[in-house]
Amino acid sequence: MKKISLVILTAVALCGCGDNKKQEKLLLDSVIAIHDKVMGSDEQLMKNKMILDSIIKNAPAAVNQDSAKVYLKIVDDADNAMSDWMHKFDAENKGKSHQEVIDYLTDQKKKIVVIDSQINKAVTISNKYLNTTPKK
């Protein structure tokens with residue numbers, strides 16, 4: 001329901017703006033706001049990545065490292081998705097028409113929302129795994 005409300009609110013805000021630049025800025029600001037939220041979760045993701053990496057490298061031979069490797073891959077995939085998005089994202093959109101900018105930013109917003117979900121899932125499940133792993 002929240003997603004539908006957010007989409008409706010965004011659509012109303014965008015349709016209510018007569019000025020194209022203002023409309024583009026509002027949409028860009030919403031993409032950046034989601035990005036900033038994701039970056040907050042990214043800090044925990046990096047902590048978990050370091051711990052998982054340490055478990056894999058330093059675990060005694062008797063310890064099964066396969067589980068840690070599975071969780072590290074999930075964390076790495078989420079981190080790589082964010083990194084790829086950030087490298088490809090173009091906030092300037094020079095030389096594009098208003099509609100091209102709106103289409104691009106709408107697409108980028110969808111992508112960053114998916115990445116947000118991916119990172120949240122990776123943090124949640126890696127936290128759960130790390131909480132059940134014996135500490136040294």
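Quick notes on the rules
- Residues numbered from 1 in each chain as written.
- Predicted model: local features only at pLDDT ≥ 70, side-chain atom pairs only at ≥ 80, totals over all residues.
- Heavy atoms only, no water.
- Helix = DSSP H or I, 4+ residues; strand = E, 2+ residues; numbered from the N terminus.
- Buried < 20%, exposed > 50% of the residue type's maximum accessible area, 1.4 Å probe, protein only.
- Contact = heavy atoms within 4.5 Å.
- Areas by Shrake-Rupley, 256 points an atom, 1.4 Å probe, with all protein chains shown as cover.
- Axes fitted to C-alpha atoms, helices over the stretch in contact; angles between N-to-C directions.
- Parallel < 35°, antiparallel > 145°, perpendicular 65-115°, else oblique.
- Left-handed = near helix turned anticlockwise from the far one by under 90°.
- Nonpolar A, V, L, I, M, F, W, Y, C, P; charged D, E, K, R; others polar.
- Phe/Tyr/Trp six-rings, centres within 6.5 Å; stacked < 30°, edge-to-face > 60°.
- Lys NZ or Arg CZ within 6 Å of the ring centre and 35° of its normal.
- Expected span 1.5 Å × (residues − 1).
- Core = buried A, V, L, I, M, F, W, Y, C linked by side-chain atoms within 4.5 Å.

An unreviewed UniProt entry lists the chain under the name Lipoprotein, with Mucilaginibacter lappiensis given as the organism.

A.B. asks: Summarise the overall build of the chain; cite the residues concerned and give the values.
C.D. replies: A count of helical and extended segments in the chain gives four helices and zero strands. In the chain, the order of α-helices and β-strands from amino to carboxyl end is α-α-α-α. The buried share of the chain, reckoned over its 136 residues, is 35%. Of the contacts formed within the chain by residues at least 6 apart in sequence, a portion of 74% connects residues at least 24 apart. Element-wise, carbon and sulfur atoms account for 60% of the exposed surface of the chain, whose accessible area totals about 8,900 Å².

A.B. asks: Report on the packing of helix H2 (residues 20-58) against helix H4 (residues 98-132), specifying residues and quantitative values.
C.D. replies: Their axes nearest at 8 Å, the elements H2 and H4 cross at an angle of 25°. What the angle tells us is that H2 and H4 run roughly parallel. Once H2 is placed against H4, the crossing between them reads as left-handed. Taken together, the residues of the contact of H2 with H4 break down into 20 nonpolar, twelve polar and five charged.

A.B. asks: Summarise the packing of aromatic side chains; cite the residues concerned and give the values.
C.D. replies: By convention here, two paired aromatic rings are described through the distance between centres and the angle between planes. Enumeration over the complete set of coordinates arrives at three aromatic pairs. Plain terms: the ring middles of Tyr71 and Tyr129 are 4.5 Å apart, the flat faces sit at 20° to each other, and that makes the pair stacked. With Tyr71 in helix H3 (residues 66-88) and Tyr129 in helix H4, this residue pair connects regions lying 58 residues apart in the sequence. The class for Tyr71 is partly exposed, based on a relative accessible area of 24%. Both rings, one in Phe89 and one in Tyr104, keep their centres 6.1 Å apart while their planes meet at 20°; by these two values the pair is stacked. Taken together, the residues Phe89 in the loop between H3 and H4 and Tyr104 in helix H4 connect sequence positions 15 residues apart. Neither Phe89 nor Tyr104 differs from the other in exposure class; each is buried. Through a chain of ring-to-ring contacts, the aromatic side chains of Trp85, Phe89 and Tyr104 assemble into a single cluster. Stacked on the ring of Tyr104, the Lys or Arg Lys96 has its end atom at 4.1 Å from the ring centre.

A.B. asks: Help me get a handle on H3, residues and values and all.
C.D. replies: Between the first and last C-alpha of H3 there are 33 Å, a value that for 23 residues agrees with the 33 Å anticipated at 1.5 Å per step. Looking at H3, one finds that the buried residues are Ala68, Leu72, Val75, Ala78, Asp79, Ala81, Met82 and Trp85. The inward-facing, buried residues of H3 contact H2 and H4.

A.B. asks: Go over unusual backbone geometry, please, and point to the residues and values.
C.D. replies: We note that Asn93 has phi near 55°; this positive angle belongs to a residue other than glycine. Counting through the fold element by element, Asn93 comes out in the loop between H3 and H4.

A.B. asks: Report on the nonpolar core, specifying residues and quantitative values.
C.D. replies: Across soluble globular proteins, you tend to see nonpolar side chains buried next to one another. Membership of the largest hydrophobic core comes to 28 residues, with the highest contact counts inside it found for Ile112, Ile115 and Ile119. At eleven residues, the largest contribution of residues to this core is made by H4. Discounting chain neighbours no more than four positions away, the residues touching Ile112 are Val31, Ile34, His35, Val38, Met82 and Trp85.

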